[in-house]
Amino acid sequence: MKRGACVEAAEVERRINVPQSYRLVRRDARAERTVVRLPNGATFGGDEIALCAGPCGVESAEQLERTARAIAGSGANVLRGGAYKPRTSPYSFQGLGEEALRLLRDCADRYGLGVVTEVVDPRGVEQVASYADMLQIGARNMQNFALLREAGAARKPILLKRGLSATVQEWLLAAEYVLLAGNEDVVLCERGVRSFDAATRNVLDIGVVPLLEELTHLPVIVDPSHAIGIARLVPALAVASVAAGAHGLLVEVHPEPSRALSDGAQSLDFDQFDALVRRLGPVAALSGRRLPSRLKIGEREETGFGGAVQQQRR
Ligand code: PEP
Ligand code: MN
């Protein structure tokens, strides 16, 4: 970092009162920014943005298979989907558990995608890590310190969502727990915060994208779906996030959003997701980034990714 930028970052830190205990995640703790890489080649923090997409919850083999094929065809490189859902009501769909993990791994492998899925319990880390490429710690668990420590001991990258009403400082200190426990592969995910206004589900704090770029070496992505809660408005936030410098997106996509068992109102259908990805290319270029270089269906034969991608062409 240039000296001027260091002085500015120190100024921001004073303003938001970053304590000295915040050692490992701070920008100047490393010479280079952290780049998190998944086995399929998806990267968070480099020149390429990561496009993570999929249903809120894994509901069936057919739902996930169709979604994985569609998002891969549109250019996404990571499949998301909840196997264990942290629901406000204990009567709501809780997820299919290990069966969903199997489906995620299977569908992702067929289409050359990485897998990110949520872990809600420290006792579940080992199981989720045995299927997923990246473990999501959800907003409701951002300060579940036992889970953060366990995630720190895991050998898989962590996607740490911002808590429902968490300050930037609380969020960075939550990430600090994971790094301190030995896991340096942490990606932060802004997903909107609670506000006085219920017009949108949450309020996307777009300002944290450039702010975190100053404060930490960790990559930052944005989840526009949970931020706004209204499918037709998701693309605008997605575009704004990438323009602001986000290193990736986490977008909810469902074959039939009106029939989704969770978060249907904010889920894009396949056409909406495809249209969004087409808009993102030039926007990513504005901040010197590009879309995932994963090969798209119909582009080239010599893809090293899943056979099903090639079969699609025939
Ligand atoms: C999700 O990604 O489906 C989810 C539950 O997100 P959050 O933890 O941000 O509410
Ligand atoms: Mn959801």
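Heads up: the structure comes first, above all this text.
None of these values were measured; they are calculated from a predicted model. (Residues numbered from 1 in each chain as written. Chains lettered and ligands numbered in written order. Predicted model: local features only at pLDDT ≥ 70, side-chain atom pairs only at ≥ 80, totals over all residues. Heavy atoms only, no water.)

Asks: What's the story with the site of ligand 1 in this structure? I'm lost.
Replies: Around ligand 1, the neighbouring residues are Cys56, Arg80, Lys85, Glu118, Gln136, Gly138, Ala139, Arg140, Lys161, Arg191, His226 and Glu252. Within the side chain of Lys85, an N or O atom sits 2.9 Å from an oxygen atom of ligand 1. For ligand 1, an oxygen atom lies 2.9 Å from a polar atom in the side chain of Lys161. For ligand 1, whose free accessible area comes to 300 Å², the fraction covered by protein is 97%. (Near = heavy atom within 4 Å. Polar contact = N/O pair within 3.5 Å; in protein donor to acceptor, adjacent residues only side chain to side chain. Areas by Shrake-Rupley, 256 points an atom, 1.4 Å probe, with all protein chains shown as cover.)

Asks: Where do I start with the coordination of the manganese ion (ligand 2) in this structure?
Replies: Six octahedral donors around a metal ideally subtend angles of 90 or 180 degrees, whereas four tetrahedral donors ideally subtend 109.5 degrees. All of the protein donors around the manganese ion (ligand 2) are Cys56 (SG), His226 (NE2), Glu252 (OE) and Asp263 (OD); their distances to the metal are 2.0 to 2.4 Å. Donor residues binding the manganese ion (ligand 2) come from one chain and are separated in sequence as C-x169-H-x25-E-x10-D. In this pair, His226 sits in helix α8 (residues 224-228) while Asp263 sits in the loop between β10 (248-252) and α10 (270-286), placing the two residues 37 residues apart along the sequence. (Donors = N, O, S within 2.8 Å, 3.2 Å for Na, K, Ca; no water. Helix = DSSP H or I, 4+ residues; strand = E, 2+ residues; numbered from the N terminus.)

Asks: Looking at this structure, how should I read helix α5 (residues 145-153)?
Replies: In an α-helix, one turn spans 3.6 residues; hence positions three or four apart end up facing the same way. Turning to α5, its buried residues are Leu147, Leu148, Ala151 and Gly152. Along the long axis of α5, the arc covered by the buried residues comes to 140°, so they all point the same way. Contact partners of the buried residues in α5: α4 (125-131), β6 (134-137), β7 (158-161) and α6 (168-180). (Buried < 20%, exposed > 50% of the residue type's maximum accessible area, 1.4 Å probe, protein only. Arc of directions from axis to C-beta. Contact = heavy atoms within 4.5 Å.)

Asks: What should I look at first to understand the packing of helix α9 (residues 234-243) against α10 in this one?
Replies: Each pair of packed helices can be summarised by the angle the axes make with each other and by the distance between the axes. Close contact between α9 and α10 brings their axes to 9 Å; oriented N to C, the two are set at 20°. It follows from the interaxial angle that α9 and α10 lie roughly parallel. α10 is crossed by α9, and the crossing has right-handed handedness. Each of Pro235, Ala238, Val239, Val242 and Ala243 in α9 lies in contact with α10, whose residues at this interface are Leu276, Arg279, Leu280, Val283 and Ala284. Across the contact of α9 with α10, the residue classes break down as nine nonpolar, no polar and one charged. (Axes fitted to C-alpha atoms, helices over the stretch in contact; angles between N-to-C directions. Parallel < 35°, antiparallel > 145°, perpendicular 65-115°, else oblique. Left-handed = near helix turned anticlockwise from the far one by under 90°. Nonpolar A, V, L, I, M, F, W, Y, C, P; charged D, E, K, R; others polar.)

Asks: Quick question: what am I supposed to make of the nonpolar core here?
Replies: Ranked by internal contacts, the top residues of the largest apolar core, which has 75 residues, are Leu79, Leu135, Leu160, Leu188 and Phe273. Discounting chain neighbours no more than four positions away, the residues touching Leu79 are Ala53, Gly54, Leu64, Ala68, Ile71, Leu104, Cys107, Ala108, Leu113, Gly114, Val115 and Val116. Counting residues in hydrophobic clusters, the runner-up holds 14 residues, among them Leu38, Met134, Val187 and Leu250. (Core = buried A, V, L, I, M, F, W, Y, C linked by side-chain atoms within 4.5 Å.)

Asks: Looking at this model, I keep getting lost on the pairing of strand β3 (residues 50-54). Mind explaining?
Replies: Residues in a regular strand project their side chains so that they alternate between the two faces of the sheet. Taken across its five residues, β3 has five buried, putting it largely inside the fold. A two-sided burial pattern is seen for β3, the buried positions comprising Ala50, Cys52 and Gly54 on one face and Leu51 and Ala53 on the other. Looking at chain direction, β3 and β10 are connected through five bridges and run parallel. Note on β10: the bridge partner recorded for Ala50 is Gly248. Looking at chain direction, β3 and strand β4 (residues 78-80) are connected through two bridges and run parallel. When the bridges of β4 are listed, Cys52 appears paired with Val78. (Pairing = 2+ DSSP bridges.)

Asks: What is the right way to read the pattern of salt bridges from this model?
Replies: Pairs may arise between side chains of opposite charge once their charged atoms sit close together. Summed over all chains, the structure comprises 19 salt bridges. Between Arg30 and Glu184 there is a salt bridge, with its nearest N and O atoms 3.2 Å apart. Taken together, the residues span a long stretch of sequence, with Arg30 in the loop between α1 (3-16) and β1 (36-37) and Glu184 in the loop between α6 and β8 (186-190) at a distance of 154 residues. Look at Arg30 and you get partly exposed, because its relative accessible area is 24%. Owing to a relative accessible area of 47%, Glu184 belongs among the partly exposed residues under this scheme. Across the pair Asp205 and Arg162 runs a salt bridge, and its minimum N-O distance is 2.9 Å. Here Asp205, found in the loop between β8 and α7 (208-215), pairs with Arg162, found in the loop between β7 and α6; they are 43 residues apart in sequence, far enough to count as distant. When its relative accessible area of 25% is taken as the criterion, Asp205 is described as partly exposed. By relative accessible area, Arg162 is classed as buried at 5%. Counted as one network, the salt bridges with shared partners bring together Glu65, Arg69, Asp106 and Arg110. (Salt bridge = Lys/Arg side-chain N within 4 Å of Asp/Glu carboxyl O.)

Asks: What exactly am I supposed to notice about α7 here?
Replies: Looking at α7, one finds that the buried residues are Val208, Val209, Leu212 and Leu215. Each buried residue of α7 sits inside an arc of 130° when the element is viewed along its axis, so together they form one side.

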